[in-house]
Amino acid sequence: MKKNILRTVSLFLLLLLVINSIPAKVMADEGEYELEDITPLKDAVCETLNDDEFIVGAAATFSELCNDGIEALIEKHFNAVTFGNELKPDALFGYSNGTCPGKHSVEFNGETMDVPTMDFSRAERMLDIIKKWNDANPDNIIKVRGHVLVWHSQTPEWFFHEDYDKNKDYVKPAEMNKRLEWYISEVLTHFTGPDSKYAGMFYGWDVVNEAISDGTNSYRTDKENANESLLKDTHGSNSSWWHVYESNEYIINAFKYANKYAPEDLDLYYNDYGDCSLMKCKGIVQLINDVKAAPGTRIDGFGMQGHYSAGEMMQDKFGVCAKNYMETGVKVMITEWDMTASGNYDSTDEESVVSEYTRMGHRYEGIYKKIIELKEAGYPIAGFTFWGTIDKYSWLQSRSDVGGGSKTGNPQCPLLFDDNFKAKPAYWAFVDFDKINDMNTEYKAKVKAEKEAAENGNETVDTSDESDTPDEDNTTDEALDTAVVDSAAPETETSENAADKTADSDNRGPVATGITTVIALLLIGTSALAIANNKKKNNKEK
């Protein structure tokens with residue numbers, strides 16, 4: 001009997017091993033997709049700006065990149081990718097946020113120190129997909145942005161404590177400096193060092209993220225949110241970095257160590273949201289200047305995250321703040337661009353969808369025209385990256401405790417492509433401004449015809465010859481800006497992607513999970529049957 005049970009369990013484990021070895025790519029695909037025969041976004045932008053090196057990027061997680069449609073969309077329209085989660089500290093520590101995943105001793109800077117075990121596998125799997133494309137398409141490569149080395153959120157709390165145990169005391173700044181330098185050297189050497197498999201793939205790296213407070217417009221401290229314990233596994237608002245140092249020393253040192261271990265051609269960035277708030281802008285400018293003034297540091301750019309709202313015209317604020325950042329001597333890039341819908345948007349009402357798509361297209365157009373203006377004036381704007389690819393995978397579709405998300409639960413429409421990989425008016429904001437109004441006319445005619453058909457009890461009317469003059473861009477201040485959202489006041493504590501906070505279920509798609517579950521149930525049933533049969537056999541023998 002025992003042998004039979006062991007044999008069944010062994011078979012069960014073997015099948016699970018086989019399933020987990022199946023490429024996630026096969027499992028993550030979600031049926032057929034068809035990309036439109038339209039101008040690649042990156043080609044249109046680079047031509048307009050007369051800059052072949054301009055970054056036109058998109059963010060993606062591993063599970064998204066393993067979808068054939070998403071991969072094809074990125075390969076066609078974008079020349080760079082930012083990993084949504086896979087290069088953040090919690091991912092590189094294997095999402096072992098509650099406890100240290102294990103320790104080992106290393107020789108570092110002439111002394112022996114204990115360090116936590118790191119897991120590069122998630123990021124490597126994404127890089128392998130991109131590298132395969134780059135090797136096959138040397139004239140059309142995709143670059144990568146590293147995101148992020150130092151952040152108060154998505155960094156396990158145990159990293160700041162003695163013996164990497166959050167129940168013990170915090171370490172002193174001198175010990176934390178050793179850990180900080182080791183961590184930065186480990187990450188940058190592994191992915192960008194001369195002997196790395198991925199050397200040359202990265203164009204930039206966010207060294208420090210979101211270190212300016214929304215409340216004070218100065219440095220973020222350990223007291224941003226009185227209701228958030230520092231002993232939580234990870235934080236949304238409060239900074240354990242500040243708790244250890246009680247100063248900006250960790251920021252200065254992060255840029256010093258990054259400069260020490262990064263290749264010279266890897267741009268080093270500070271990255272933050274609320275970037276169009278004139279008050280927060282002052283705090284960000286101060287941080288940049290503090291870093292630049294410190295010996296041994298290097299900071300090449302500031303990442304304006306660009307989490308804006310379609311309910312507000314942002315181009316003028318964007319222009320003023322972007323100039324302020326660039327006048328410190330750094331380049332600027334929009335790094336996480338998307339837009340929340342305006343307050344009266346109703347995704348269940350087609351007229352509202354038509355209006356919102358048009359409005360959002362013109363909001364993107366306004367900022368893009370300001371980018372063109374700044375570029376022509378000689379300001380060093382280096383690119384923009386959208387925080388996602390198609391709407392349904394946007395982090396704004398769900399609420400999270402580390403920022404962003406829909407307040408009402410109403411689906412959002414923040415990106416350039418819809419759920420079916422079709423270009424929205426926002427796409428045409430970067431390719432053909434006039435097309436936005438053309439699409440609005442077509443959509444309105446379609447809605448009008450469908451309404452008439454429904455009222456008359458007839459089938460949908462052919463609208464190919466109809467014309468309906470659009471309300472320009474539906475963007476008169478009186479009509480549109482009834483729900484102004486200032487980017488200085490984000491919806492929650494931070495504005496980072498938390499859609500995959502479940503560690504992307506070990507990066508396996510829903511199909512894989514379903515197959516695993518079914519087989520597990522079958523095998524459990526088989527085991528139970530084997531046990532029952534053995535019991536019957538034993539009873540008979542008795």
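Above this text sits the structure in question.
Reading the values: rules and limits
Residues numbered from 1 in each chain as written. Predicted model: local features only at pLDDT ≥ 70, side-chain atom pairs only at ≥ 80, totals over all residues. Heavy atoms only, no water. Helix = DSSP H or I, 4+ residues; strand = E, 2+ residues; numbered from the N terminus. Buried < 20%, exposed > 50% of the residue type's maximum accessible area, 1.4 Å probe, protein only. Contact = heavy atoms within 4.5 Å. Areas by Shrake-Rupley, 256 points an atom, 1.4 Å probe, with all protein chains shown as cover. Patch = residues over 30% accessible without salt bridge, like charges linked within 9 Å, V, L, I, M, F, W, Y side chains within 5 Å. Salt bridge = Lys/Arg side-chain N within 4 Å of Asp/Glu carboxyl O. Lys, Arg positive; Asp, Glu negative; His and termini not counted. Charge placed at Lys NZ, Arg CZ, Asp CG, Glu CD. Core = buried A, V, L, I, M, F, W, Y, C linked by side-chain atoms within 4.5 Å. Polar contact = N/O pair within 3.5 Å; in protein donor to acceptor, adjacent residues only side chain to side chain. Axes fitted to C-alpha atoms, helices over the stretch in contact; angles between N-to-C directions. Left-handed = near helix turned anticlockwise from the far one by under 90°. Nonpolar A, V, L, I, M, F, W, Y, C, P; charged D, E, K, R; others polar. Pairing = 2+ DSSP bridges. Right-handed = clockwise from strand over helix to strand, strands pointing away. Phe/Tyr/Trp six-rings, centres within 6.5 Å; stacked < 30°, edge-to-face > 60°. Lys NZ or Arg CZ within 6 Å of the ring centre and 35° of its normal. Parallel < 35°, antiparallel > 145°, perpendicular 65-115°, else oblique.

1. Description of the overall build of the protein
Across its full length, the protein carries 17 helices and 11 strands. Looking at the protein as a whole, 55% of its 542 residues are labelled buried. Within the protein, residue pairs in contact and separated by at least 24 positions form 77% of the contacts whose partners lie at least 6 positions apart. Total accessible area on the protein is roughly 23,600 Å²; 50% of this is exposed by carbon and sulfur atoms.

2. Remarks on a negative patch on the surface
The grouping of D432, D434, D438 and E442 at the surface amounts to a negative patch. If you trace the backbone, D438 turns up in helix α15 (residues 433–456). A relative accessible area of 40% means that D438 is categorised as partly exposed.

3. Notes on the nonpolar core
As a rule of thumb, nonpolar side chains are buried together in soluble globular proteins. Counting 126 residues, the largest nonpolar core has W337, F384 and F430 as its most contacted members. In terms of residues, this core owes the most to one element, helix α13 (residues 350–376), which gives 9 residues. For F384, the residues in contact, after removing those within four places along its chain, are V45, F54, I55, V56, G57, M333, I334, W337, Y368, I371 and F430. With 6 residues, the next largest nonpolar core counts I55, A80, Y269 and A382 among its residues.

4. Considering the pattern of salt bridges
Evaluation of the coordinates by the stated rule reveals 22 salt bridges. A salt bridge links K370 to E373; its shortest N-O distance comes to 3.6 Å. Highlighted residues: K370 and E373, both in helix α13, separated by 3 residues, approximately one helical turn. We classify K370 as buried; its relative accessible area is 14%. Overlapping salt bridges bring together D214, D272 and K280 as one network.

5. A word on the side chain of T328
One can find T328 in the loop between α12 (315–326) and β10 (331–340). Here the side chain of T328 touches Y325 through a polar contact of 2.5 Å, landing on its backbone oxygen. Setting aside its immediate chain neighbours within four residues, T328 contacts V285, I288, N289 and K292.

6. As for the packing of α12 against α13
Contact pair α12 / α13: the axes reach a minimum separation of 9 Å and the direction vectors enclose 35°. Between α12 and α13 lies a crossing of right-handed hand. Facing Q315, D316, F318, G319, A322, K323 and M326 of α12, the residues of α13 in contact are G366, I367, K370, I371 and L374. Class assignment of the residues belonging to the contact of α12 with α13 gives a composition of 6 nonpolar, 3 polar and 3 charged.

7. With respect to the pairing of strand β5 (residues 143–151)
β5 sits mainly inside the fold: 8 of its 9 residues count as buried. Sheet topology places strand β2 (residues 80–83) next to β5; 3 bridges connect them, and they run parallel. Directly across from V81, in β5, lies its bridge partner V144. Where β5 and strand β6 (residues 202–209) come together, 6 bridges link them in parallel fashion. Bridging across to β6, R145 finds its partner in G204. On the question of chirality, the crossover connecting β5 to the parallel β6 by way of helix α8 (residues 173–192) is right-handed.

8. Details of the packing of aromatic side chains
The full count for this structure, using the stated rule, is 37 aromatic pairs. Ring centres 6.2 Å apart and planes at 20° place the aromatic pair Y219 and W242 in the stacked group. Taken together, the residues span a long stretch of sequence, with Y219 in the loop between β6 and α9 (240–245) and W242 in helix α9 at a distance of 23 residues. The burial state of Y219 is the same as that of W242; both residues are buried. Connected via pairs of aromatic rings, a cluster forms that spans F54, F78, W337, Y364, Y368, F384, F386, F430 and F433. Geometry around F62 places R125 over its ring, the cationic atom sitting 5.0 Å from the centre.

9. Section: the environment of D165
Tracing the backbone shows D165 in the loop between β5 and α8. Expressed as a C-alpha distance, the spacing of D165 and T99, which sit 66 residues apart in the sequence, is 6.9 Å. Of the polar contacts made by the side chain of D165, one reaches the backbone nitrogen of N167; its length is 3.0 Å.

10. Some points on the side chain of T335
Relative to the helices and strands, T335 resides in strand β10. Only 2.7 Å separates the side chain of T335 from the side chain of N271, close enough to count as a polar contact. Non-local contacts of T335, meaning those with residues more than four positions away in its chain, are made with R145, N271, G303, M304, Q305, T385 and W387.

11. Quick word on the pairing of strand β3 (residues 103–108)
Relative to strand β4 (residues 111–116), β3 runs antiparallel, the two sharing 6 bridges. Its bridge partner being in β4, F108 is matched across the sheet by E111. The loop that links β3 with its antiparallel partner β4 comprises 2 residues; one of these, N109, has a positive phi angle of about 55°.

12. Side note on the packing of helix α11 (residues 278–293) against α12
Look at α11 against α12: their axes get within 10 Å of each other, and the N-to-C directions meet at 15°. By the angle between their axes, α11 is roughly parallel relative to α12. The crossing of α11 and α12 is right-handed. Two secondary-structure elements touch here, α11 through L278, C281, I284, V285 and I288 and α12 through V320, C321, N324 and Y325. The class makeup of the residues in the contact of α11 with α12 is 8 nonpolar, 1 polar and no charged.

Geometric values such as these leave the question of function open.
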